[in-house]
Amino acid sequence: MALLIAVNGWDSESWATRFSALLPDHDIRRHPETTGELSDIRYLLGWKTDPELVAALPNLEVIFSLGAGVDHLLKNPDLPDVPMVRIVDPDLTMRMSEWVILQVLLHHRKDRLYRAQQADHLWKGADVPSANAVRVGILGQGVLGADAARKLALLGYQVAGWSRTPKSVEGVVSFSGEDGLNTMLRRTDILVNLLPLTPATTGLIDYDLLSKLSSDGQRHPDCDAPILINAGRGGSQVEDDILRALDDGTLAACSLDVFENEPLTATSPFWDHPRVSLTPHIAADSDPQALSVYVAERIRAYEAGEGLINVVDRTAGY
Ligand code: NDP
Ligand code: OXD
């Protein structure tokens, strides 16, 4: 039973070391370093894996995405028709919620203003609304969106979430469908995107959508417009529209962890924009050991005949 690790942009050697320890009775290979018959490969651990490689594995039984998102695999038109399992792990979920909460707090508590004042040696407080006067709207109420929503609600924010199907998350108002989206946007001061990238969510966050965000939020005079936070996928945002919205005051500021093209090009205007905070797609960077244990446990369960969990719905695209 061979597991092939084919993870572009990651150090495949350290992943192979972890899997060799967790699955000592399996043949652990890594692409492109390890050779051997491709017909031996039963499992693929993939991240941005070369499409031709995936298509060339005749006896593949399960694909594991080394991430919660699977758009990097599904964009391969020759993807073999085998189950695809994604990462659903408490460590990853917690880290994403930490990042989202951090960004919400930085905007709500006027961190940019205080950093600028510190640079000017200016000792001056500003009015800040209480959390329960700030309305957060979260696009996506899956594993990550629902967890962030729950935790933000515990901090006192007025939280709403949008998903394809209605949800029941404690302390969170649920919206679904197009009408639901428009209703949520109107009551949203801080918009958080945690949607997967699918044909339906590609380019969703455009100027039109941003223009529908609340126009009556309780905000600081320097910052009298809504905020966008995106840790889903860059393909869901229209970057020229975000820049336009920032420049004409439709948006006050944004925090972006993901971009249409990654790594972000050196000439991107986002790097130097005074009202953009960016991170290099690290919002939910997780403990590699936790992710390895998760995949190894899935393989053990599958081989014990227990079936697979967290299998991607290929038709829905996530
Ligand atoms: P889930 O599959 O658990 O949740 C997806 C959510 O999006 C669901 O609530 C789903 O609705 C909703 N959704 C999907 N399509 C639509 C649509 N067309 N309209 C409305 N709602 C829709 O995914 P996760 O929460 O685990 O992860 C979400 C995404 O976060 C990943 O796909 C990935 O792109 C991104 N991510 C980013 C990371 C980073 O570091 N920046 C790290 C990890 C993930 P429903 O519940 O009705 O099915
Ligand atoms: C993921 C990611 O999908 O890190 O897990 O983007």
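Since this is a predicted model, take the numbers as computed values, not measurements.

S.K.: Please set out the overall build of the chain residue by residue, giving values where relevant.
M.R.: Assigned secondary structure in the chain consists of 10 helices and 12 strands. Its C-alpha atoms give the chain principal-axis dimensions of roughly 65 × 40 × 30 Å. Here the chain holds 318 residues, and the buried ones make up 52% of them. A fraction of 63% describes how many contacts in the chain between residues 6 or more apart in sequence connect residues 24 or more apart. Accessible area for the chain stands at about 14900 Å²; split by element, carbon and sulfur atoms hold 52% of it. Counting 28 positive and 44 negative side-chain charges, the chain places the averaged centre of each group 5 Å from the other.

S.K.: Run through the sheet that holds strand S5 (residues 84–85), naming residues and quoting values.
M.R.: To summarise the sheet geometry, strands pair through backbone hydrogen bonds and adopt either a parallel or an antiparallel arrangement. Taken in spatial order, the 5 strands make up an open sheet running S2-S1-S3-S4-S5, and their pairing is parallel. Edge positions in the open sheet fall to strand S2 (27–30) and S5, since each of these has one partner strand only. Pairing of strand S4 (residues 62–65) with S5 involves 2 bridges; the strand directions are parallel. Counterpart to Phe64 in the pairing with S5 is Val85. Across the sheet, helix H1 (residues 12–22) is in contact with strand S1 (2–7), S2 and strand S3 (41–47); its angle to S1 comes to roughly 155 degrees.

S.K.: Summarise helix H6 (residues 143–154); cite the residues concerned and give the values.
M.R.: Spanning 12 residues, H6 covers 17 Å between terminal C-alpha atoms, matching the ideal 16 Å at 1.5 Å per step. Of all the residues in H6, the buried ones are Leu144, Gly145, Ala146, Asp147, Ala148, Ala149 and Leu152. Buried positions along H6 lie against helix H4 (90–108), strand S6 (135–139), strand S7 (158–163) and strand S8 (172–176). Phi for Gly156, located one or two positions after H6, is positive at around 110 degrees.

S.K.: Which residues make up helix H7 (residues 177–186), and what are the values?
M.R.: Along H7, the positions that sit buried rather than exposed are Gly180, Leu181, Asn182, Met184 and Leu185. On its buried face, H7 is in contact with S6, S7, S8, strand S9 (190–193) and helix H8 (207–211).

S.K.: Tell me about the layout of surface pockets, and name the residues and values.
M.R.: Quantified by volume, the second largest pocket comes out at close to 460 Å³. Around the second largest pocket, the lining comprises 24 residues; the ones closest to its centre are Lys48, Asp71, His72, Lys75 and Leu197. Of all the secondary-structure elements, those providing two or more residues to the lining of the second largest pocket are helix H2 (51–55) and helix H3 (71–74). When residues in the lining of the second largest pocket are grouped by element, the largest group, 4 residues, is from H3. Each residue belonging to the lining of the second largest pocket can be placed in one class, and the counts come to 7 nonpolar, 9 polar and 8 charged. A domain split of the lining of the second largest pocket shows at least three residues from each of domain 1 (2–89 + 286–303) and domain 2 (92–278).

S.K.: Give me the lowdown on the site of ligand 2, citing residues and values where you can.
M.R.: All residues adjacent to ligand 2 are Trp47, Gly67, Ala68, Gly69, Arg233 and His281. Contact distances for ligand 2 include 2.8 Å between an oxygen atom and a side-chain N or O atom of Arg233. Contact between ligand 2 and His281: an oxygen atom at 2.6 Å from a side-chain N or O atom of the residue. In isolation ligand 2 offers 210 Å² of accessible surface; the protein chains occlude 81% of this area. Taken together, the residues of the shell around ligand 2 sort by class into 2 nonpolar, 3 polar and 1 charged.

S.K.: Run through the packing of H4 against H6, naming residues and quoting values.
M.R.: Contact geometry for H4 and H6: axes closest at 9 Å, N-to-C directions at 50 degrees. The pairing of H4 with H6 is recorded here as oblique in orientation. Here the hand of the crossing between H4 and H6 comes out right-handed. Between H4 and H6, the residues in contact are Leu92, Thr93, Met94, Met96, Ser97, Val100, Ile101 and Val104 and Val143, Leu144, Asp147, Ala148, Lys151 and Leu152, respectively. When its residues are assigned to classes, the contact of H4 with H6 shows 10 nonpolar, 2 polar and 2 charged.

Thresholds, definitions, all that
- Residues numbered from 1 in each chain as written.
- Chains lettered and ligands numbered in written order.
- Predicted model: local features only at pLDDT ≥ 70, side-chain atom pairs only at ≥ 80, totals over all residues.
- Heavy atoms only, no water.
- Helix = DSSP H or I, 4+ residues; strand = E, 2+ residues; numbered from the N terminus.
- Buried < 20%, exposed > 50% of the residue type's maximum accessible area, 1.4 Å probe, protein only.
- Contact = heavy atoms within 4.5 Å.
- Areas by Shrake-Rupley, 256 points an atom, 1.4 Å probe, with all protein chains shown as cover.
- Lys, Arg positive; Asp, Glu negative; His and termini not counted.
- Charge placed at Lys NZ, Arg CZ, Asp CG, Glu CD.
- Pairing = 2+ DSSP bridges.
- Axes fitted to C-alpha atoms, helices over the stretch in contact; angles between N-to-C directions.
- Expected span 1.5 Å × (residues − 1).
- 1 Å grid on protein atoms, 1.4 Å probe; cavity = no way out; pocket = protein on both sides within 12 Å on 5 of 7 lines; lining within 4 Å.
- Points joined across faces, edges and corners; volume = space filled by probe spheres on them.
- Nonpolar A, V, L, I, M, F, W, Y, C, P; charged D, E, K, R; others polar.
- Domains from an automatic or database assignment.
- Near = heavy atom within 4 Å.
- Polar contact = N/O pair within 3.5 Å; in protein donor to acceptor, adjacent residues only side chain to side chain.
- Parallel < 35°, antiparallel > 145°, perpendicular 65-115°, else oblique.
- Left-handed = near helix turned anticlockwise from the far one by under 90°.

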